[in-house]
Structure formats: C-alpha cells, structure tokens
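What the coordinates show
Chain residues, written in single-letter form:
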Amino acid sequence: MFSFIEVLPLVLLILESIEQRRLIKAHQEFKYGLAYTYVIGAAFWNFVGAGVFGGGTLNAPLVNYYEHGTFLTLNHAHTALFGAFGLLGIGLIYFCLRYVAGDRYAFKEGPGYTAFWLYNGGLVLWVALNFFPIGWAQLNAVFEHGLAYARSPTFYNTVSIWQWLRIFGDVVFAFGALLMAFDFIMKLWPLFPEHIKRPIAAPVPSETASSAPGAAARTAVRRPAAQQHADV
Ligand code: HEM
C-alpha cells in the first residue's frame, strides 16, 4: 500500500519545476515550453494513472484480489505507461530538438502542442468511454460470478457498445501520433546532410554540384566501395 506514496516526491518536484520556470521567465525567454508541457503532462498522468488508478484504485487488497486482468488493469496500465513514461519520452525528444535548433532556424511549437492535446484527449476518451464503463462492470462480474465468467465472451457481449466506443479515443490518439511523427520529420529536416536530401529533392545541375559546399563529401560517399577500400 505504501508504494502509493512513490507518486508524492514527483508532485513535489513538479511544484519546484513550476517555480523554476516562473523564475526563468521573469528574467529571460523560456525556450523549452513545449518540452516542459509534455513533462508536466507526464507528471499529471503519473499522479492520476499510477497514483489514483494504480495505487488508489487497484492496490487495496480486497479490490486487488479480484480485479487482475480486467479493464481496470488496462485503465491503470495505459494511463501510467503512456501518460507517465510516453509523454516524458516525447518531452525529452522535443527538448533535444529545441536544443539542436537553437537560434539557427525557426522552431514551430504549434504541431507539438496540438499533438499533446490529442494524446491527452485520446487517453481521457479511453478512460471515459471504454476502460471505466467496462472495468467496473467487470469487477462486479468477478465478485458475483468469478473471473472465468468476467473474461468470457458472455460477459463481453453485455458491454459491446463500450467496446465499440473505444474507437473515438483510438482515432483522436492516432491523429496525435501522426501529427507528431510529421512534426519530428519537419524538425529533423534541417539536420539532414545534403547527400541524404538530394535523392528526394530536385536534381542539382552538375556544375553547381561540384562547386557547392559539401560536394567533396558527396563525391566520397558516391565512390564505389572497392575504390574506398583501396584508399585505406
Ligand atoms: C508510472 C508508474 C507505473 C507504471 C508505468 C505501471 C504500469 C503497470 C502495468 C503496465 C501494469 C499491467 C501489468 C500486467 O497486467 O501485465 C500494472 C499493473 C499493476 N500496477 Fe502499476 N504501474 C505504475 C505504478 C503503479 C503504482 C504506484 C501502483 C500502486 C501503488 C501500481 C499498482 C499496480 C497493480 C496492483 C497492478 C496489477 C493490476 C492487475 O494485475 O490487474 N502501479 N502497472
């Protein structure tokens, strides 16, 4: 039961990070707002997904004895794993992308914020339209008829409307993932070396190509492997 308390230090760290951000913003521009938002989202879901839906909901021995393998497990697992670690990982990626961009090229935050809200919306829709309505009914079914019945098609057929309603969360979440993937590619694009961009972009006239910066490196890449070995 005490493992529930593991969430509390994180809450304290978040309060500290909010204070630090406020201090930075008082003196200079805060450039890592997008990464910061994802980390705060991770902290929120760590509290709700791990703390409330894990420690608060599943961990009490009387509930824990019955609920294994129900949609309440699914509820905790999705919100804790994606909410706490998924958002944290994405926040770290955005932090690195922002750092690499520096002041060298524009860093648009809009798509990242939209993806963030799509992810969160998807999680909330899963909880509200799928995990909770099925999970609590399933827990009740375990109490009354046992786990075998609660996991049988006979039980699942009684909640099929909620199974179908999961599609809303899936679609919203999937849009977030697609948008984020596109955003990553756009933000990585300026970092691609010329010789990776070249086959995709329009062909460059040969004279310009030989005098362009990086041409020597491209020539080296295009040399036959046998010749490159001979150089060594
Ligand atoms: C970010 C932290 C956490 C993550 C990522 C996480 C993730 C998971 C996952 C993926 C499962 C499903 C395992 C399976 O069925 O194979 C699970 C189960 C479980 N977790 Fe967590 N968890 C976290 C924190 C916690 C905390 C703090 C507690 C309670 C204090 C907790 C209590 C449980 C319990 C009781 C189960 C078993 C549920 C069942 O079998 O039905 N978890 N967790």
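What counts, and where the lines are drawn
- Residues numbered from 1 in each chain as written.
- Predicted model: local features only at pLDDT ≥ 70, side-chain atom pairs only at ≥ 80, totals over all residues.
- Helix = DSSP H or I, 4+ residues; strand = E, 2+ residues; numbered from the N terminus.
- Contact = placed C-beta atoms within 7 Å.
- Expected span 1.5 Å × (residues − 1).
- Bend = angle between axes of the 7 residues up to and from the residue.
- Buried ≥ 20, exposed ≤ 12 C-beta atoms within 10 Å, placed from the backbone.
- Near = placed C-beta within 6 Å.
- Nonpolar A, V, L, I, M, F, W, Y, C, P; charged D, E, K, R; others polar.
- Core = buried A, V, L, I, M, F, W, Y, C linked by C-beta atoms within 7 Å.
- Axes fitted to C-alpha atoms, helices over the stretch in contact; angles between N-to-C directions.
- Parallel < 35°, antiparallel > 145°, perpendicular 65-115°, else oblique.
- Left-handed = near helix turned anticlockwise from the far one by under 90°.
- pLDDT = per-residue confidence, 0-100.

1. Things to note about the overall build of the chain
For the chain, the helix and strand inventory stands at 12 helices and zero strands. Moving toward the C terminus, one meets the helices and strands of the chain in the order α-α-α-α-α-α-α-α-α-α-α-α. For the chain, the proportion of contacts with a sequence separation of at least 24, taken over those separated by at least 6, is 82%.

2. Regarding helix H5 (residues 110–145)
For H5, built from 36 residues, the straight-helix expectation of 52 Å at 1.5 Å per residue is met to within 8% by its first-to-last C-alpha distance of 50 Å. If you look at H5, its biggest bend is around 40°, right at Val127.

3. Side note on helix H8 (residues 160–188)
The end-to-end C-alpha distance of H8 is 43 Å, a good match for the 42 Å that 29 residues give at a rise of 1.5 Å each. Within H8, burial applies to Gly169, Phe173, Gly176, Met180, Asp183 and Lys187. At its buried positions, H8 is contacted by helix H4 (71–101) and H5.

4. Side note on the site of the ligand
The local shell around the ligand holds 20 residues, among which Gly54, Gly55, Thr73, Ala77 and Ala80 are the closest. Taken together, the elements giving at least two residues each to the shell around the ligand come down to helix H2 (33–56), helix H3 (61–67) and H4. For the shell around the ligand, the class distribution of residues is eight nonpolar, 10 polar and two charged.

5. Points about the environment of Leu8
For Leu8, the location among the structural elements is in helix H1 (residues 7–27). For Leu8, a count of 11 C-beta atoms within 10 Å translates into the label exposed. For the pair Leu8 and Gly51, spaced 43 residues apart in the sequence, the C-alpha separation amounts to 8.7 Å.

6. Some points on the nonpolar core
Residues Ala35, Tyr38, Val39, Ala42, Leu87 and Tyr119 are the most contacted members of the largest nonpolar core, which totals 33 residues. For this core, the element with the highest residue contribution is H2, accounting for 12 residues. Non-local contacts of Val39, meaning those with residues more than four positions away in its chain, are made with Leu88 and Gly91.

7. Digging into the packing of H1 against H2
In the contact formed by H1 and H2, the axes pass within 10 Å of each other and the chain directions differ by 160°. As far as their axial angle goes, H2 and H1 are roughly antiparallel. Two packed elements cross with a definite hand, and for H1 against H2 that hand is left-handed. Contact residues: Val7, Leu10, Val11, Ile14 and Arg21 in H1; Tyr36, Ile40, Ala43, Asn46, Phe47, Ala50, Gly51 and Gly55 in H2. Along the lines of polarity and charge, the residues of the contact of H1 with H2 split into nine nonpolar, three polar and one charged.

8. Side note on the environment of Tyr32
For Tyr32, the location among the structural elements is in the loop between H1 and H2. Taking the C-beta count within 10 Å as the criterion, Tyr32 has 16 such neighbours and is therefore assigned partly exposed. Sequence separation of Tyr32 and Glu109 is 77 residues, and the distance between their C-alpha atoms is 9.6 Å. Contact partners of Tyr32, with chain neighbours within four places excluded, come to Phe95 and Arg98.

9. What about the packing of H2 against H4?
In contact at an axis separation of 8 Å, H2 and H4 are set at 165° when each is read in the N-to-C sense. Taken together, the axes of H2 and H4 are roughly antiparallel relative to one another. When you trace H2 past H4, the crossing you get is left-handed. Classifying every residue of the contact of H2 with H4 by side-chain character gives 16 nonpolar, nine polar and one charged.

10. Considering the confidence of the model for the chain
Within the chain, residue pLDDT values average 86, and 82% of them lie at 70 or more. Note on residues 209–232: pLDDT is under 50 here. Beyond four places in sequence and across chains, it has nine contacts.

11. Quick notes on the environment of Phe168
Here Phe168 is to be found in helix H8. You can call Phe168 partly exposed: it has 16 C-beta atoms within 10 Å. Residues Phe168 and Gly122 lie 46 residues apart in sequence; the distance between their C-alpha atoms is 7.5 Å. When near neighbours in sequence (up to four residues on either side) are disregarded, Phe168 contacts Leu125 and Leu129.

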